[in-house]
Amino acid sequence: MPPRYSREIEQPIVMGDSLKDQFRTSPCEASCPAGNPIQKMQSLVEKGRFGEALRYLRARNPFPGVTGRVCPHFCQAKCNRDRLEGCVNTRALERAAYDHAPKGIEPFTRAPETGKHVAVVGGGPAGMTAAYFLSLLGHDVTVYESGPVLGGIPRYAVPDFRLPRDVVDREIGWILETGVRACVNVTVGKDISFAELRASSDAVVVATGTPKENALPIPNAECGLKAVEFLRKAALGQRPDVGRTVVIMGGGGVAFDCAFTARRLGAADVHVLCLEAEGAMRAPEEDLEQARREGVHVHNSCTMSGVRKDGDRVSGVDYFDVQECRFDEQGRLSLIPVPGGEHVLACDTVIFAVGMKTDLGFFEGEVPECTPRQWIVADAAQKTSLEGVFAAGDVASGPSSIAGAVGAGRRAAFGVHAYLTGENSRVYIINEEGRIEARDRLATSQPPYVVPFEEIYGVEQYGRAEPQRQGIREGLSFREINEGYTPEQARDEAARCMHCGHCKGCGTCVDDCPGYVLELKHLEERDRPEVAFGDECWHCANCRTSCPCGAIGFSFPLRMQV
């Protein structure tokens, strides 16, 4: 058979990862929990078409302004370009699409009413993503949120200096504009029972996250603050008095958010106690760099054994060095202390950032199947063991990422849609009218092949281009630290993408074809190599080995394999 080209998508794909015309793909796209169309977005940003890039992103992810700032960027860790001079800064490019898109981007169009009502419990990323797609699919959707504002963790637990409130509010507003109704300050199980909700709805999506915070079983632990509650108060405009010295137990991103917030609330000395050894911490490297910049002291391989009091006030903590630690299947911790490794640290405030857990008390009688750690068990469509009940986000996966919650929320929406309507296409697109439309004919049962660096044979054509640097604001204000890319920087950074597995129309294969089997068609917006004389193909695979994107698939005829 002559060569086949794996093409870039030409219309927004809402659902579906296995496409006939895109049978090869990049490690970055394969590793994105939100399912962002990374290469398409970067192609459009390179051309300065930020509005169109944002439109493609919003077809999969209603929170690109959020994930473009605070996603742990799983994609960048897999980027083939990292084998040269450094990965493409995909997260910053996603933010650039949000920041530089023209105002008043045309919203997607809601499908005709289905007459079905869906209740969504929880107004965080998973719940609001599910509500967004369900509403666009024509269902009547009501979100029930126990807090005073929608947005969940991004709205009240990620500090302003990392994620400005107006970004979250704007994207929540876009979701509500699709027709989603929201009831805030309504707690399911208290203000309305889950049984009532289930009886009055055709389906329910549970997206309550992990609202309960763990505490350490140590003396005077009740005197410490809980991390998310501390961040929530700061986000809602309260400014807790933390004193001069603050000690935080925990080594993840939440612990460091507490540390940086405490510094901005006036703490002169902030200490983070972390079970993990240096180099094995859960916090991203950028948090550790900020900690060094802001004078936060990190103590590795240790844990707290008690909180000291002077009357009603915290006066210090006892902690000890740890030689080894591990968690069992139920999440129980066992550790081996270092003999003689006990320490005392004077402080005014203690904050615990030692993990979150679900609160499933609102189910009352009938409870869905759960794991030993009390995450709700859900299938690939996010359906639970209860009829008509779906679960998405951390309540089903355990503490994860915002991008993971977005991906799960979208899967839940289409799982509910299939349950309510019987329509179960493998691919959904945004059509010419801006509506979600089933296009099963675009699908294939074979997942795309992920192109490794070793198969980018023309890699020397790219040369080396240093990643663009983003501006960082100094000081300890609550203004956003990261300034993001200018439009020019974004275009330069996007140009570094190697488009692994997706044809970019360079024509190298046409130039290198000895049999003149291929030709380059000059279309309105792009060039596109095509097989012009397939019967004349020698199957030399010259095109394959000259493709700088690894975008060509080749099957040899049976007669050549004998």
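These figures come from a predicted structure and were not determined experimentally.

A few words now on the pairing of strand 10 (residues 245-249). For strand 10, a buried count of five out of five residues is recorded, marking the element as mostly surrounded by other parts of the structure. Burial along strand 10 is two-sided: the face carrying Thr 245, Val 247 and Met 249 and the face carrying Val 246 and Ile 248 are both buried. In the sheet, strand 10 pairs with strand 11 (residues 269-273) via five bridges, with the strands oriented parallel. Bridge pairing links Ile 248 to Val 272 in strand 11. Note that the unit made of strand 10, helix 12 (residues 253-264) and strand 11 has a crossover that is right-handed. Where strand 10 lies against strand 16 (residues 349-352), four bridges are found, and the strand directions are parallel.

What follows deals with the pattern of salt bridges. A complete count under the given rule lists 34 salt bridges for this structure. Measuring nitrogen to oxygen at the nearest pair gives 2.7 Å for the salt bridge that ties Glu 52 to Arg 49. Take Arg 49: its relative accessible area is 26%, and that puts it in the partly exposed class. Through salt bridges with shared partners, a single network forms among Arg 7, Glu 10, Arg 526, Arg 528 and Glu 530.

This part is about the domain arrangement of the protein. For the protein, the domain assignment lists domain 1 (117-211 + 358-425) and domain 2 (215-356). Every contact between the two is made by 17 residues of domain 1 and, on the other side, 17 residues of domain 2. Here domain 1 and domain 2 share an interface that buries about 1,400 Å² over both sides, 56% of which is from carbon and sulfur atoms. Of all residues in domain 1, Tyr 156, Phe 161 and Arg 162 give up the largest surface area on contact with domain 2, accounting jointly for 38% of the area buried on that side. Remark: the boundary between domain 1 and domain 2 carries two salt bridges. A salt bridge links Asp 287 to Arg 162, with the shortest nitrogen-to-oxygen separation between them at 3.4 Å. Our enumeration of links across domain 1 and domain 2 arrives at three residue pairs in polar contact (both at pLDDT 80 or more). When residues in the side of domain 1 that touches domain 2 are grouped by element, the largest group, three residues, is from helix 8 (residues 153-156). Per-class residue counts for the side of domain 1 that touches domain 2 are eleven nonpolar, two polar and four charged.

This paragraph deals with the sheet that holds strand 13 (residues 302-310). Adjacent strands of a sheet pair through backbone hydrogen bonds, lying either parallel or antiparallel. If you walk across this open sheet you meet the three strands as 13-14-15, and the pairing is antiparallel. The open sheet terminates on both sides in strands that have one partner only, identified here as strand 13 and strand 15 (333-346). Neighbour to neighbour, the strand axes of the sheet diverge by 20° on average, direction disregarded. Strand direction decides the pairing type here: strand 14 (residues 313-327) and strand 15, joined by ten bridges, are antiparallel. Looking across to strand 15, one finds that Arg 326 is bridged to Ser 334.

Cut-off values and rules
Throughout this document, residue positions are counted from 1 along each chain, in the order its sequence is written. The predicted origin of the model limits local features to residues at a pLDDT of at least 70 and limits the giving and counting of side-chain atom pairs to 80 or more, whereas totals for whole chains, interfaces and linings rest on all residues. Hydrogens and waters are ignored; side-chain quantities use all the structure's heavy atoms. Here's how the labels work: a residue is buried when its accessible area is under 20% of the maximum for its type, exposed when over 50%, partly exposed in between, all with a 1.4 Å probe on protein chains only. Where helices and strands are cited, they refer to DSSP runs of H or I of at least four residues and of E of at least two residues respectively, numbered from the N terminus. At least two DSSP bridges between two strands are needed for those strands to be called paired. By definition, the crossover connecting two strands over a helix is right-handed if that path, from the first strand to the second, turns clockwise as seen with the strands pointing away from the viewer. The rule for a salt bridge is simple: a side-chain nitrogen of Lys or Arg has to be within 4 Å of a carboxyl oxygen of Asp or Glu. Annotation comment: domain bounds sourced from an automatic or database domain assignment. By definition, residues are in contact when any of their heavy atoms lie within 4.5 Å. Here the quantity called buried area is the total loss of accessible area, with a 1.4 Å probe, experienced by two parts when brought into contact, counted for both. Counted as a polar contact is a pair of N or O atoms within 3.5 Å, where, for protein atoms, one must be capable of donating a hydrogen and the other of accepting one, and residues adjacent in sequence contribute only when both atoms are in side chains. Gly falls in the polar group here, along with every residue not listed as nonpolar (Ala, Val, Leu, Ile, Met, Phe, Trp, Tyr, Cys, Pro) or charged (Asp, Glu, Lys, Arg). To define axes, lines are fitted to C-alpha atoms, for helices over the stretch in contact only, and angles between the resulting N-to-C directions are given on a 0 to 180 degree scale.

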